[in-house]
Amino acid sequence: MVENRTREIFVTGLKNAHAMENQALSIMKPQIKRIENYPDVATKLEQHVRETEGQIARLEEILSSLAEDHSSLKDMALSAVGTMAALSHTVAGDEILKNSFANFAFENFEIAAYNSLITIAELGGFPGLVSGLQANLDEEVAMAKWLEANLRQTTIKFANLKEAGQTAKV
């Protein structure tokens, strides 16, 4: 009985993670299209979009191994929320900074989600499924570290462009 409940928690968490990664794509893709002055940020976001697409594929593989499917409704809902979040920063004069803060926060949310999923997989007797989740976690940790390490540089570039009277927001 407990195993079935743990499996249910695990499957729900996997479906949530799938939707979360679709939300991440809907946040990053519009940012990439708007970036003009921060090629290093654009390059890293493009790389992470490819990683995120791989993460989605791993989650679908895990769900499939459990004879489950992702939730299209959750995917659509969180993608719409992500698109709105990305658009909300476009009116800000410091869009690149707001996006950097939001991306760093979102990466840490994803890190927490994967840490929890790994724990549930271990508790539920699904040790064979941990490696895919760990791969996703490792990519999220690397992205969060990059964002944190580059926040100062991005902020300095923003301030310098603004001081020079140039368009600095993206």
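Provided above is the structure to which this section pertains.
Residues numbered from 1 in each chain as written. Predicted model: local features only at pLDDT ≥ 70, side-chain atom pairs only at ≥ 80, totals over all residues. Heavy atoms only, no water.

**A look at the overall build of the protein chain**
Selection criterion: Secondary structure follows DSSP: runs of H or I at least 4 residues long count as helices, runs of E at least 2 residues long count as strands, and numbering of each begins at the N terminus. Only protein chains enter the calculation, and the probe is 1.4 Å; a residue is then buried if its accessible area is under 20% of its type maximum, exposed if over 50%, and partly exposed in between. Whether two residues are in contact is decided by their heavy atoms, any of which lying within 4.5 Å being enough. Reported accessibility uses the Shrake-Rupley method at a 1.4 Å probe radius. Residues are deemed covered only where the shown protein chains occlude them.
Helix and strand counts for the protein chain come out as five helices and zero strands. Listing each helix as α and each strand as β along the protein chain from the N terminus yields α-α-α-α-α. Across the 170 residues that make up the protein chain, the buried fraction comes to 46%. Considering only contacts within the protein chain whose residues lie at least 6 apart along the sequence, 82% involve residues at least 24 apart. Surface summary for the protein chain: the accessible area is close to 8800 Å², and the carbon and sulfur share equals 58%.

**Observations regarding the pattern of salt bridges**
Applied cut-off: Each reported salt bridge corresponds to a side-chain nitrogen of Lys or Arg within 4 Å of a carboxyl oxygen of Asp or Glu.
Within this structure, the stated rule accounts for six salt bridges. Residue Glu68 pairs with Lys15 through a salt bridge whose shortest N-O separation is 3.8 Å. Remark: Lys15 occurs in helix α1 (residues 2–34) and Glu68 occurs in the loop between α2 (39–65) and α3 (72–88); sequence separation between them is 53 residues. A salt bridge links Arg34 to Glu95; its shortest N-O distance comes to 2.8 Å. Of this pair, Arg34 sits in helix α1 while Glu95 sits in helix α4 (residues 95–123), placing them 61 residues apart in sequence. One salt-bridge network, in which partners are shared between bridges, spans Arg7, Lys15 and Glu68.

**Here's the deal with the nonpolar core**
The test is simple: Take the buried residues of types Ala, Val, Leu, Ile, Met, Phe, Trp, Tyr and Cys, join any two whose side-chain atoms come within 4.5 Å, and each joined set is a nonpolar core.
In this structure, Phe10, Leu14, Leu66, Tyr114 and Leu133 are the most contacted members of the largest nonpolar core, which totals 41 residues. Looking at this core, the elements that each hand over two or more residues are α1, α2, α4 and α5 (130–163). If one sorts the elements of this core by residue count, α1 sits on top with 10 residues. Not counting chain neighbours up to four residues away, the residues in contact with Leu14 comprise Leu59, Ile62, Leu63, Leu66, Leu117 and Leu133.

**Description of the packing of aromatic side chains**
Here a ring pair, both rings aromatic, is described through the centre-centre distance and the interplanar angle of the planes. The condition that has to hold: For Phe, Tyr and Trp, rings pair up if their centres lie within 6.5 Å, where Trp contributes its six-membered ring, and each pair is then called stacked (planes under 30 degrees apart), edge-to-face (over 60) or tilted (otherwise). By the criterion adopted, a ring carries a charge over it if an Arg CZ or a Lys NZ lies within 6 Å of its centre and within 35 degrees of its normal.
If you walk through the whole model with that rule in mind, you get two aromatic pairs. On the numbers, 5.1 Å between centres and 15° between planes, the contact of Phe10 with Phe126 is stacked. Of this pair, Phe10 sits in helix α1 while Phe126 sits in the loop between α4 and α5, placing them 116 residues apart in sequence. A single burial state applies to Phe10 and to Phe126, both of which are buried. Aromatic pair Phe106 and Phe109: ring centres 6.2 Å apart, planes at 35°, arrangement tilted. In this pair, Phe106 and Phe109 are both assigned in helix α4, three residues apart and thus about one turn of the helix distant. Residue class for Phe106 comes out buried when judged on its relative accessible area of 14%. Positioned above the aromatic ring of Tyr38, the side-chain terminus of Lys157 is 5.5 Å from the ring centre.

**Considering the side chain of Gln55**
Selection criterion: In the analysis that follows, any N or O atom pair within 3.5 Å is treated as a polar contact, provided that within protein one partner can donate a hydrogen and the other can accept it, and provided that, for residues neighboring in sequence, both atoms belong to side chains.
Summarising the element assignment, Gln55 is placed in helix α2. A distance of 2.9 Å separates polar atoms of two side chains, one belonging to Gln55 and the other to Glu139. Discounting chain neighbours no more than four positions away, the residues touching Gln55 are Glu21, His48, Tyr114, Asn136, Glu139 and Glu140.

**Considerations on the packing of α4 against α5**
Going by this rule: In this analysis, axes come from line fits to C-alpha atoms, helices being fitted only over the stretch in contact, and the angle between any two N-to-C directions falls in the range 0 to 180 degrees. In these notes the angle categories are as follows: under 35 degrees is roughly parallel, over 145 is roughly antiparallel, 65 to 115 is roughly perpendicular, and the rest is oblique. Handedness of each helix crossing follows the sense of rotation of the near helix against the far helix: counterclockwise by less than a right angle gives left-handed, clockwise gives right-handed. Amino acids outside the nonpolar list (Ala, Val, Leu, Ile, Met, Phe, Trp, Tyr, Cys, Pro) and the charged list (Asp, Glu, Lys, Arg) are all regarded as polar, and Gly is one of them.
As a packed pair, α4 and α5 sit with axes 9 Å apart at the nearest point and diverge in direction by 160°. Between α4 and α5, the interaxial angle falls into the category roughly antiparallel. In terms of crossing hand, the pair formed by α4 and α5 is left-handed. Taken together, the residues of the contact of α4 with α5 break down into 18 nonpolar, eight polar and five charged.

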